[in-house]
Amino acid sequence: IGGGLYAGFIIYKKSAATRATPVTTPTPIVVPSLIPHDAQIAVLVEKQTGSQLISRIYSEVNKNKVAIGKNLELSVLEKNGEAVRAVSGSSFIGKLDIDMPDVIARSLTDRWMLGVYGEENGQKTTFIALTTDFFQNAFAGMLAWEDDAMADDLALILNFKDRGQREDPTSTTTVSSYFTIRGNFSDKVLRNRDVREFRNPQGELLFLYSFINKETLLLTTTES
């Protein structure tokens, strides 16, 4: 009888201690966006590449409102069998058939962001943020890409093709055969960031890019 009472007492103490200890709920891991977003939508792509993929993206952009000064993130996903996974930055560039120099492509990491910014005039500005683990190569590669038809490569995804003046299609010069959107790059400083801007012969800004830090490359079409 004494042994039974003692055992009951021990069990009661352990039960009370268990009840007094709060159960800890695991905190889910959240991977922050490269640039803070105010809303996010998923864009599931199948086997589209090039202009088909761009049309799919802008179809989603046109269907969604973006408030002034706000960012909408487009999370690009693809199916892998039955599973759905995020498209990596290098894979996205490959799907767009963008002829990015290898020195840049090899320095890109999987983390990236595709977004839309709401302008004061109601327009929507597309931006792409890419990450690199080799700043020196990425920076040198971007400068080389400027001389290798960067404007043409980015015209569709950044949506400035219709505003770009093109070379005379009847011209037979070597330059016109490689470069079709006319303009020049220049340096500028915005919010303490060094920026490279591409403007057409009339001075209209078509697009710009900047390393906003050593790991993040931003490409877009307006200074705002």
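Thresholds applied
- Residues numbered from 1 in each chain as written.
- Predicted model: local features only at pLDDT ≥ 70, side-chain atom pairs only at ≥ 80, totals over all residues.
- Heavy atoms only, no water.
- Helix = DSSP H or I, 4+ residues; strand = E, 2+ residues; numbered from the N terminus.
- Buried < 20%, exposed > 50% of the residue type's maximum accessible area, 1.4 Å probe, protein only.
- Contact = heavy atoms within 4.5 Å.
- Areas by Shrake-Rupley, 256 points an atom, 1.4 Å probe, with all protein chains shown as cover.
- pLDDT = per-residue confidence, 0-100.
- Core = buried A, V, L, I, M, F, W, Y, C linked by side-chain atoms within 4.5 Å.
- Expected span 1.5 Å × (residues − 1).
- Arc of directions from axis to C-beta.
- Phe/Tyr/Trp six-rings, centres within 6.5 Å; stacked < 30°, edge-to-face > 60°.
- Polar contact = N/O pair within 3.5 Å; in protein donor to acceptor, adjacent residues only side chain to side chain.
- Pairing = 2+ DSSP bridges.
- 1 Å grid on protein atoms, 1.4 Å probe; cavity = no way out; pocket = protein on both sides within 12 Å on 5 of 7 lines; lining within 4 Å.
- Points joined across faces, edges and corners; volume = space filled by probe spheres on them.
- Nonpolar A, V, L, I, M, F, W, Y, C, P; charged D, E, K, R; others polar.
- Patch = residues over 30% accessible without salt bridge, like charges linked within 9 Å, V, L, I, M, F, W, Y side chains within 5 Å.
- Salt bridge = Lys/Arg side-chain N within 4 Å of Asp/Glu carboxyl O.
- Lys, Arg positive; Asp, Glu negative; His and termini not counted.
- Charge placed at Lys NZ, Arg CZ, Asp CG, Glu CD.

(A) Broad picture of the overall build of the protein. If you tally the helices and strands in the protein, you get seven helices and nine strands. Out of the 224 residues belonging to the protein, those deemed buried represent 39%. Within the protein, contacts between residues at least 6 apart in sequence are counted, and of these 58% link residues at least 24 apart. About 13700 Å² of surface is accessible on the protein, with carbon and sulfur atoms providing 53% of the total.

(B) Structural context of the confidence of the model for the protein. When pLDDT is averaged along the protein, the result is 84; 80% of the residues meet or exceed 70. Of the regions scoring below 50 in pLDDT, residues 23–31 engages in one contact with residues more than four places distant in sequence or in other chains. Long-range and interchain partners of residues 171–178, a stretch whose pLDDT sits below 50, account for four contacts in this model, where long-range means more than four residues apart.

(C) Representation of the nonpolar core in the model. Counting residues in hydrophobic clusters, the biggest one holds 45 residues, and the most contacted among them are Phe92, Leu154, Ile157 and Phe207. Of the residues forming this core, the biggest block, five residues, is contributed by helix 2 (residues 50–63). If near-sequence neighbours (up to four positions away) are discounted, Phe92 is found in contact with Leu53, Ile57, Val76, Val87, Trp112, Leu114, Ile128 and Ile157. Listed in part, the six residues of the second largest apolar core include Leu34, Ile35, Met113 and Leu218.

(D) Looking closely at the environment of Leu108. Relative to the elements of secondary structure, Leu108 occurs in strand 4 (residues 108–118). Note: C-alpha distance between Leu108 and Phe135 (27 residues apart in sequence) is 9.5 Å.

(E) Seen up close, helix 5 (residues 135–146). Its 12 residues place the ends of helix 5 17 Å apart at the C-alpha level, agreeing with the 16 Å of an ideal helix rising 1.5 Å per residue. Within the span of helix 5, buried status applies to Phe135, Ala138, Gly141, Met142, Trp145 and Glu146. Summarising the axial view, the buried residues of helix 5 lie within an arc of 145°, below the 170-degree limit, and thus occupy one face.

(F) The arrangement of the packing of aromatic side chains in detail. Inspection of the entire model under this criterion finds nine aromatic pairs. Ring geometry for Phe160 and Phe207: centres 5.1 Å apart, planes at 15°, overall stacked. With Phe160 in the loop between helix 6 (150–154) and helix 7 (174–178) and Phe207 in strand 8 (residues 205–211), this pair connects stretches of sequence that are 47 residues apart. A single burial state applies to Phe160 and to Phe207, both of which are buried. One aromatic cluster is present, formed by Phe160, Phe185, Phe198, Phe207 and Tyr209 through successive ring pairs.

(G) Focus on the side chain of Thr125. Tracing the sequence through the fold places Thr125 in strand 5 (residues 124–132). A relative accessible area of 5% means that Thr125 is categorised as buried. Side-chain polar atoms of Thr125 contact the side chain of Glu119, separated by 2.5 Å. Look past the residues within four positions of Thr125 in its chain and what remains in contact with it is Gly115, Val116, Tyr117, Glu119, Thr220, Thr221 and Thr222.

(H) Just the pairing of strand 9 (residues 216–220), in detail. Within strand 9, five of the five residues are buried, which leaves it mostly tucked inside the rest of the structure. Neither face of strand 9 is left uncovered, since the one carrying Thr216, Leu218 and Thr220 and the one carrying Leu217 and Leu219 both have all their residues buried. Note: strand 5 against strand 9, four bridges, orientation antiparallel. Looking at the pairing, Ala129 lines up with Leu218 of strand 9. Summarising the sheet, strand 8 and strand 9 pair through four bridges and their orientation is antiparallel.

(I) Spotlight on the layout of surface pockets. As a volume, the largest pocket reaches approximately 540 Å³. As for the largest pocket, its lining consists of 18 residues, and the residues nearest its centre are Arg191, Ile212, Leu218, Glu223 and Ser224. At the level of secondary structure, the elements contributing two or more residues to the lining of the largest pocket comprise strand 5, strand 7 (193–199), strand 8 and strand 9. By residue number, the principal contributor to the lining of the largest pocket is strand 8, which donates three residues. Per-class residue counts for the lining of the largest pocket are nine nonpolar, six polar and three charged.

(J) Up close: a negative patch on the surface. Together, Asp99, Asp102, Asp147 and Asp148 make up a negatively charged patch on the protein surface. As for its placement among the helices and strands, Asp99 is situated in the loop between helix 3 (89–95) and helix 4 (102–105).

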